[in-house]
Structure formats: structure tokens, C-alpha cells
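These are the residues of each chain, in order.
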Amino acid sequence: MKRKVKFHQSLLSKYILIIGLGLTIFPLSFPFVSLLVFFPLNQIESNENPYANHQDLEKMWHETAQSLHDATDEEINDSLMRIKKEYSKASIFWVNENNELMLQLPENPDLPQTWSANYSISFMKQSFGGDPFTVVAFIGETQDQGFMVFQVPREVMKTRLDTVQDQYDTLMSIGILIIFGAFIIFSWGFFYKIRKRLVRLERAMHVNEEAHELPDPVEITKQDEIGALEQSFNEMIRKLEQSRERERKEEELRRQLIANLSHDLKTPLTAIRGYAYSIKKEQLTDQGHEAIQLLDSKISYMGRLIDNLLSYSLLTSGKYPYRPKKQDLVRSIKACLASWYPAFEKEGLVIEINLPDHSMLYEFDEHWLQRMLDNLFQNVIRHAKSGKYISVSLLDVSPGFRLTIADHGPGMDSMSAEKGVGVGLSIVSIMAKGLGWKWNIETGKNGTKMMFENSTK
């Protein structure tokens, strides 16, 4: 029964959720990241750097210059040196009323020792708004005591807020990339889990076909489409197990039926054979003798058929005796041929035998080999005697052999008046497989060739 998957549990709903997140997360990420970056920036103190406020620096410098009204050179030097200690990153110098450079902290070889009016104007013009930040103040309340200069590199005037704000675009890009990466990882994780579950299901389907094994049921982890597929897979396994169990019981019943029929038929068949033997001793006409011979032939055929049915039942159930041992394959084939030679001559078959003169030692059950050859030779007599030919060839193809039995009959596709149900060939096939031999048949209107090969001793 097909199980309906609820929409909120389905893969489709999760996929739609991912698409929805993708469509909303990127437009929302820009203001979100802006707030995330800008809000902490506003919490940073902007005046923690003593060089940060240029207005305070200008005010401090002008007040200091005014306070030095009518001060001596030593007093001016002392005052400027105190400011230098407070503002260690600043450059300070002053020029007296005679345009002479009096003090410079630190030493700057680029400054002239004597300042002309044009140089002073040019210096002030170039310093305005430039880098370093420059403040020029006249000493005292008048302009007749000279002037002093305070310079600070603009890079040291930035607050932490200014520095972070300069990196705002970088932080925004990083934030967007983080959100985008999180979305990619989330999407990848979703599809990776789907693939992992499908691979697990695919691996569960791989079984040893030669051993006729069934897959093991899989654990249903989620109630989505793949979960429904897993449930259907488990249901299929359950039905296959039930079907195989029914087949096993039916096969067991069939084997038991064949065994019982084979056993039950032997008793009346033995009685019929006894009655036919008794009638054969009576005074009969030629027509009667012919009928008795035909009856005896049919009884023999029935006996072989019953034996084949019983053997087939034992073979398929694994109860047929199997006692392999290392022995001479050539001798065993010759012994079987010797027992069939009169029958071949009686049917007028041309017999061609090609067996090695030396021994060929292999491990096999001689009784199984004899049963296989008996069935094959019987088939030649029953179905291919019109070809008047049979050949048995054994070739040594180290490390194994090739056994070939051929005839010139009409082929296995043609109909024979005595064609049976093929139990004899089924027995040959099962026994060949049990011996570890490869079996191949080539048949046509010009004859049939059966080949057995083995590559191990």
C-alpha cells in the first residue's frame, strides 16, 4: 500500500524552505550586517586618542603661545619641551623675532636655520590642510616675538572609530560572504544527507546473486519521500521472502511427490516386467514376440525415467551421494564406453573414440560420471541414432581437460518420437556443476556436440 507523505515532512517542503531562505536572506543580509557592524562602532570612544581632536590641539597650541608673552628663550624652550613630553608623536619648533630657528623637537635637517618672510609664508600656505596637521601660533599677544609650530602626522590623529569605519566595506563584504557561505553549507548539507540516504539504499540492494540472497531491510529514519521509498523497499523484501518461502515449500512438496511416485511406480513396474518375462516363455506367434519385445523396451524406458526422476529429486535436495576421489578419468570413461559398446553396435552406430593413452588423474565421483555418460549415451540412442554416428573425445588441455560427445542426429530442436521431459539432461547439468565442470551444447540439424571442460585437477 502506498503511503502518503505529509507535506510538512516532505523533501519538497524543505526544498521550498531553502529557496525561500535564499530569496530573503540576501536582501535582508545587507541591513542586518550594517547594523551588526555599525552598532559596535558607535560604542567606541572617539576621543580616547589625544591627537584625535584637531580643535583641541589648535586651542591648546594658541593658548600656550599667548601664555608665553614676554617670556624668555629659556622659558619658551621649557614650555615647548613639556608639550613635547605630553605629545611625543608631534614635531615642535619655534622661530624668534629675528627669523632664527631656535628649537626643534625632534631635529629636522629640512628646516632652515634662518626664515625669510617669503619662506615663512610659503611654509604656512603649504602646511594648511596638509599632512602633517600643522598649527602655527604667534608667541605672545603681538607678532613681534616670533612664532611656534606644532605638527602631527594625520595618521596618528585617527580614532579607533575612524579606523574601523575605514574598514567598513571590508567588514560588510566579509559579513555577506559569511552569510552566503552559511547558506551554501546549509544547502550542501541538505542535499548531502539526501545523497547519503540514497547511497545507503542503493548499497542495500547489492546482494550476492549467486548465493540467491535477499537484501536486508533498511532502517526508516524520516517520514519523507525517501522514507516512503525505504518503506516500499522493505515491503518488497518482505514479499520476496514470503514468495521464496512459498517456492521452497512448493519445491519441497514437488521433490517429495517425485520421490514418492518414483518409489510407488517401481513396485507395479517390477510386477509388469515379471509378467512380461513369464509371457515370453509361452508359445507365441511372431506378432506376439514382437509385442513382448516392444513391451520390454517400454518397461526399460519407464525404469530409466523413474530412476532419473528419483535421482533428480535427490540431486536438487542435496541428498544424492557424492564421494569424490582422485582417480584416472580415462579409465572411467573407457569402462562406461565398454558397457555401452554393444548397444551402439546394435543400433549400427559408427563409433569414434579418441582417448589419451596415458592416465589423467582428477578428483571426481566415478558414479556421477557414469550417470552423466549413461544419460548422454541413452539420449544419442533414443534421439540421434538416425545419424548412425557417435564420437567420444578426451583432450588434455593442461591444466585441465575437454571431454566432447558428438553425434550426427537431427539436433535437439527437432522432435523425436521418444522425446521425454529432459530430466536426463537436467541431471547432467546439475552433476556437471557439482563436479565443477563447465558444460556447453552446440546443436543443429547436422548433429549435436556436448563439451565438458575442467581447469583444475
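Everything numeric in this text was worked out from a predicted model, so none of it was measured.

Asks: How should the sheet that holds strand β9 (residues 400-407) be read in this particular structure?
Replies: Either a parallel or an antiparallel arrangement is found when strands of a sheet pair, and the pairing is made through backbone hydrogen bonds. Taken together, the 5 strands give an open sheet; going across it, the order is β6-β8-β9-β11-β10, and neighbouring strands pair in mixed fashion. The two strands at the open ends of the sheet, each matched to only one other strand, are β6 (350-354) and β10 (438-444). The average undirected angle you get between the axes of adjacent strands in this sheet is 10°. Taken together, the 7 bridges between β10 and strand β11 (residues 447-454) define a ladder with antiparallel strand orientation. Note that in β11 the partner of isoleucine 441 across the bridge is methionine 450. Sheet strands touched by helix α10 (residues 366-383): β8 (389-397), β9 and β11. Its angle to β9, the strand with the most contacts, is close to 25°.

Asks: Where do I start with the packing of aromatic side chains in this structure?
Replies: Aromatic ring pairs are described here by two measures, namely the spacing of the ring centres and the angle between the planes. A full pass over the atoms with the stated rule returns 17 aromatic pairs. Judged by centre distance (5.9 Å) and plane angle (65°), the ring pair of phenylalanine 93 and phenylalanine 123 falls under edge-to-face. Of this pair, phenylalanine 93 sits in strand β1 (residues 91-95) while phenylalanine 123 sits in helix α4 (residues 117-127); the two residues are 30 residues apart in sequence, bridging distant segments of the chain. A residue is classified by how much of its surface remains accessible, and phenylalanine 93, at 2% relative accessible area, is buried.

Asks: Got a minute to help me understand the sheet that holds strand β4 (residues 147-152) in this structure?
Replies: Spatially, the 4 strands line up as an open sheet ordered β2-β1-β4-β3, and their pairing is antiparallel. Looking at strand neighbours, the two that pair on one side only are β2 (101-105) and β3 (133-138), the edges of this open sheet. The mean inter-strand angle of the sheet, taken between neighbouring strand axes irrespective of direction, is 10°. Bridge count for β1 against β2 is 4 bridges, and the pairing is antiparallel. From the neighbouring strand, tryptophan 94 faces β2, where its bridge partner is leucine 103. Its contacts with the sheet put α4 on β1, β3 and β4, and the angle it makes with β4 is roughly 30°.

Parameters at a glance
- Residues numbered from 1 in each chain as written.
- Predicted model: local features only at pLDDT ≥ 70, side-chain atom pairs only at ≥ 80, totals over all residues.
- Heavy atoms only, no water.
- Pairing = 2+ DSSP bridges.
- Helix = DSSP H or I, 4+ residues; strand = E, 2+ residues; numbered from the N terminus.
- Axes fitted to C-alpha atoms, helices over the stretch in contact; angles between N-to-C directions.
- Contact = heavy atoms within 4.5 Å.
- Phe/Tyr/Trp six-rings, centres within 6.5 Å; stacked < 30°, edge-to-face > 60°.
- Buried < 20%, exposed > 50% of the residue type's maximum accessible area, 1.4 Å probe, protein only.

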